[in-house]
Amino acid sequence: MKNFKRVLASILSAGMMLGLLAGCAAAPAASTPAPAAEAPAAEEAAPAEDGVQEITWMFWDDLEATSDLISLGYKDVVDRFNKDYEGKYHVTPITTNLEEYYSKLNALVAANQTPDVFIVSPGPNLDVYVNPGVAAVLDDYLADGWKDTFTSDAVFSGGTYDGKIYAIPLNIAAACVFYNTEMFEKAGAEVPTNWTEMLDACEKLQAAGYTPITISAGTAWCLSMVAGYLCDRNGLDLDKIASHETDWFDDKVVNAANQIVELSKYFQKTAAGDDNDIATAAFYNEEAAILIQGSWAIGQINGANPEFEDKCGVFQFPAIEGGNDPNRLIAKSDSLAMSSATKYPEASIAFMKYFTDDIAQRYTAEKGGKIPVTKVEYDAAVAPKELAYVMDIFENASGTFGFYNESLADTEAGSTFDNAFVEIFLGTPIEEALQEIQDYYEANVW
Amino acid sequence: MDKLLRNKKAIVLFVAPAFILFTLVLFIPILQSVYYSFCDYDALTPPKWVGLDNYVKLLTKDKTMKIALKNSVFFMIFSCISQLIMGLVLAGFLTNIRKGRNLFKNIYYLPCVLSSAALGLLWMFVFTPKLGINAMLTSFGVFSDPTEGPLWLMDIKGYIILPMWVIAFVALWQYVGQSMMLYMAQISGISNDLYEASYIDGCGKGKSFIYITLPLIRPMVATAMSLNAIGSLKFFDLIYNMTEGGPNHRTEVLATHLYEQGFKYFKYGYASAIGVVLLVLCLLMTFLINKFVKMDNYEM
C-alpha cells in the first residue's frame, strides 16, 4: 500500500511538471521584427484545415454596441467581406474603446501578436509601428491600380515614410465648431468669425441660460485640439519649435493659454472629468450650444439623435485678431496599416480594399458625414447637412495642419502638450504648466 | 511521516513542481524586470543599458510619479486602518450574533468575489453627476441641477482630492469582507474557556474583546495588514475603471502609472523601474508590519 501511494505521488508530481513544461513550450518565442528597411516580404502561410484564411482587424469602437454611423459603416465592410469571401478569407474584429486603443494594440505588438490589419492615426502614433518594422510597406499592393482610385497622391502623405506608403487613408475629417442654431437664435447670438465675437456669442448664450460650450478635458486631446487651433491662429510655427528657433514660452503659446482660460468660463461644469462621448452627447441632447470637434462627430451626432441634424450648424474656428491666417484647418484621416508579420497578406489587402471601394466610400459621405478619399461620386442631397457645411469650409481653406498632439516629436510629447493645456484649464499657472512641455523638449527633443 | 521527511528524494520530488513553477512565473520575470529597469527598452528593439537613468528620472523629474506615490501611500494607509477597524468590528459583531450570521457573512463578503472591473464601472456610473447620486438627489429637490452637488470623481481641490477618497471608500466596501473573514477565522479558534473565565472575573463583552480577543488575534492583524498594504500598493482595477487616473493624472497610482508608461508609450524599461519601486515598497511594508506588530503566540 505504501509503495502504491509512493508510486501514485510520483506519477502526480511528474504529471504536474510535464503539464507545466508543456504549458511553457506552447508559448511562442518572442522575436523582434526586422527594421522597416530590411523587413522581408511576408510569406503566405498555409490556410487553416477548413481552407479559410483567418485574419484579425483591430478597431477603436465596439462594432456591436456603437451608434456611430462611421463605425456602423465599418461593420458593414466586415460583414460584406466575410460574406463575399466565405470559405476563403474571414476577418475577426478586435474592438476596444478609443481611450484604451493604443495601449491594447501596443500590448499585442509587444507580445508578438500584432493584428493583421489595424486602424491608426498618421503621425507619431504611426511612427511607433513604422520605425521598428511592425507595419508593412504597401506600395506593391497599391500598384495594381488601387492607388489610382484615390483622389490624389496627397492623401497618402501622412502614411508615407522615405517615399514608401505604410498606411491607407479611409476618409478625411476636419475640426470645426458645431453649434445649435436654435439656441443661437433664441439667445440672439451671431455666428462668430473672430475671437471677440466668439466670446460675445458665449456671453449671450450664458445670459440666456444655456451652457455655451461642451468640451471634454477628461479626454485630453479634445481640449488640446482647441489649444492647437489657438496656437496656430496666434501664428505659432511648429517647425520653429522642433528646430528650437523658439520654445514653448513663445508669446503665441502663452496667448493661446490665456485664451483657453478665457474660454473655459463657458465650459460645462463637469468638463474636467467628462470624456469625449459624454461631452458630445451633451451637445446632441441639447444641453449645450457649442461643440468644438472633428467632423467625425457628424456620424456620432446623427447616429444618436437623427432629429438634431436640422438644428446643427457648423462654422470654422474663429480668427484671432492680428493673428495668423484664419482659413487653416485641422484635418485628420483614419488610416489602415497591415502587420509586416501577417501570415495572410493577400487576405489582409483584400480586406483593406473593401474600406476604399465605392460602396464604403459612398457610405462614408452619404451616411457617415466624412469626406471620401477616393474618386467615388456620392449624392450630396442625401448626405448629412453638416457635411455640406464642412465641405464649404474645406473648399475655402488655405491649408491644413494636423492635431498638435499628433504633430509633435513623439507620442509622449503630444500627451505632454495635451496635459499642459488641461492643467491650465484646471487652474495651474500658465508658466508652470508650459514648463512641463518645455522640460520634455529640453530632455528628449532639443 | 517522519520516514517520508527523511527521504531526500521524496522531498525533492514534492518541492520541485512548486519550485519550478515559482522560478518560471515569478523569480525569473522579477529578475528580468530588474534588468530591464536599468535599460532603455521598448519591447521591439533589444534593450539598451542606461544604468540608473530610469530611476533618476523617476524619482527626481517625474511629476506623475510623485502624485502616484502620494496616492498609493494614502491608499495603503487608509486601507490598512479602515479595514483593520471595520474588519474587526464586523468580525466581533458577527461572532456574537446567533441568528443570521451566515447571511451577513455572505453579504459582507460578496463584493470580494465580484469583478473589480464591473464594480468599477458600476460605481463610476453612481458617481457620475447626471446619472447617479447627484441626479437622484436632484430629483428629490436637494440640488436644482446635478452638477451643483459634489463632483465626486472630478473635484481636484485639496492635498488628497475627493476622487481618491471616493475610490478608497469603494475599495473599503469591496474588500472589508476579506479582512472580516480572516479575523472571524482567528476569533473562532479562541477557546470559550477563556471568555467564561473572564466573565467569572467580572468582564463584560467589551472588556473581554479588548483583553482576550484583541491580543489573541494579533498574528492575524499582522497578516491582514500585510495583505492590505500589498494589495493597496499594487491597486489598479477600481482606479482604472472609475477615473483612468484622471482628471489629468490626479488619481494616478503606481500601477496605473506603470501601465501607462509601458503600454501607452512603449517604455518598458521605465515601467520596469516603477515595478521595482513597487516591489521594494511591498517588501518594505511587509517587513515593517511584521517588525512593529508584535506577534506573541498564545495557547488558545
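Residues numbered from 1 in each chain as written. Chains lettered and ligands numbered in written order. Predicted model: local features only at pLDDT ≥ 70, side-chain atom pairs only at ≥ 80, totals over all residues.

Structural notes on the packing of helix 9 (residues 192–200) of chain B against helix 10 (residues 205–216) of chain B
Residue and element names in this part refer to chain B.
Here's step 1: Contact pair helix 9 / helix 10: the axes reach a minimum separation of 10 Å and the direction vectors enclose 135°. Judged on the interaxial angle alone, helix 10 and helix 9 are oblique. The handedness of the crossing between helix 9 and helix 10 is right-handed. Only S208, Y211 and I212 of helix 10 make contact with helix 9, whose side of the interface consists of L194, Y195 and S198.
Here's step 2: Residue classes in the contact of helix 9 with helix 10 are distributed as 4 nonpolar, 2 polar and no charged. (Axes fitted to C-alpha atoms, helices over the stretch in contact; angles between N-to-C directions. Helix = DSSP H or I, 4+ residues; strand = E, 2+ residues; numbered from the N terminus. Parallel < 35°, antiparallel > 145°, perpendicular 65-115°, else oblique. Left-handed = near helix turned anticlockwise from the far one by under 90°. Contact = placed C-beta atoms within 7 Å. Nonpolar A, V, L, I, M, F, W, Y, C, P; charged D, E, K, R; others polar.)

What about the interface of chain A and chain B?
Where interface size is given, it is often the accessible area lost as the parts come together that is meant.
Here's step 1: Each partner contributes residues to the interface: chain A has 30 residues there, and chain B has 26 residues.
Here's step 2: Secondary-structure elements contributing two or more residues to the side of chain A that touches chain B are helix 1 (2–26), helix 3 (98–110) and helix 16 (411–426) of chain A.
Here's step 3: Residue composition of the side of chain A that touches chain B, by class: 16 nonpolar, 10 polar and 4 charged.

A closer look at the domain arrangement of chain A
Residues and elements named next belong to chain A.
Here's step 1: Taken domain by domain, chain A holds domain 1 (47–173 + 332–387) and domain 2 (174–331 + 392–444).
Here's step 2: Each of domain 1 and domain 2 has a C-alpha centre, and the two are 28 Å apart.
Here's step 3: Facing the 22 residues of domain 1 at the interface are 25 residues of domain 2.
Here's step 4: Elements supplying a minimum of two residues to the side of domain 1 that touches domain 2: helix 2 (69–84), helix 4 (124–130), strand 6 (168–180) and helix 15 (385–396).
Here's step 5: For the side of domain 1 that touches domain 2, the class distribution of residues is 10 nonpolar, 6 polar and 6 charged. (Domains from an automatic or database assignment.)

Some remarks on unusual backbone geometry
Here's step 1: The omega torsion of the bond from G246 of chain B to P247 of chain B falls at 0°, within 30 degrees of zero and hence cis.
Here's step 2: Residue position: P247 of chain B is located in the loop between helix 12 (237–242) and helix 13 (254–264).
Here's step 3: Notably, E286 of chain A is not glycine yet its phi reads approximately 65°, a positive angle.
Here's step 4: Residue position: E286 of chain A is located in the loop between helix 11 (276–284) and strand 8 (288–294).
Here's step 5: For F266 of chain B, which is not a glycine, the phi torsion comes out positive at approximately 60°.
Here's step 6: You can see F266 of chain B is positioned in the loop between helix 13 and helix 14 (268–292).
Here's step 7: Looking at F266 of chain B, the number of C-beta atoms within 10 Å reads 25, which means it is buried. (Buried ≥ 20, exposed ≤ 12 C-beta atoms within 10 Å, placed from the backbone.)

So, the confidence of the model for chain A
Here's step 1: The predicted model of chain A has a mean per-residue pLDDT of 88, with 89% of residues at 70 or higher.
Here's step 2: Here residues 12–42 of chain A is modelled with pLDDT under 50, and outside its nearest four sequence neighbours on either side it reaches 39 contacts, counting other chains as well. (pLDDT = per-residue confidence, 0-100.)

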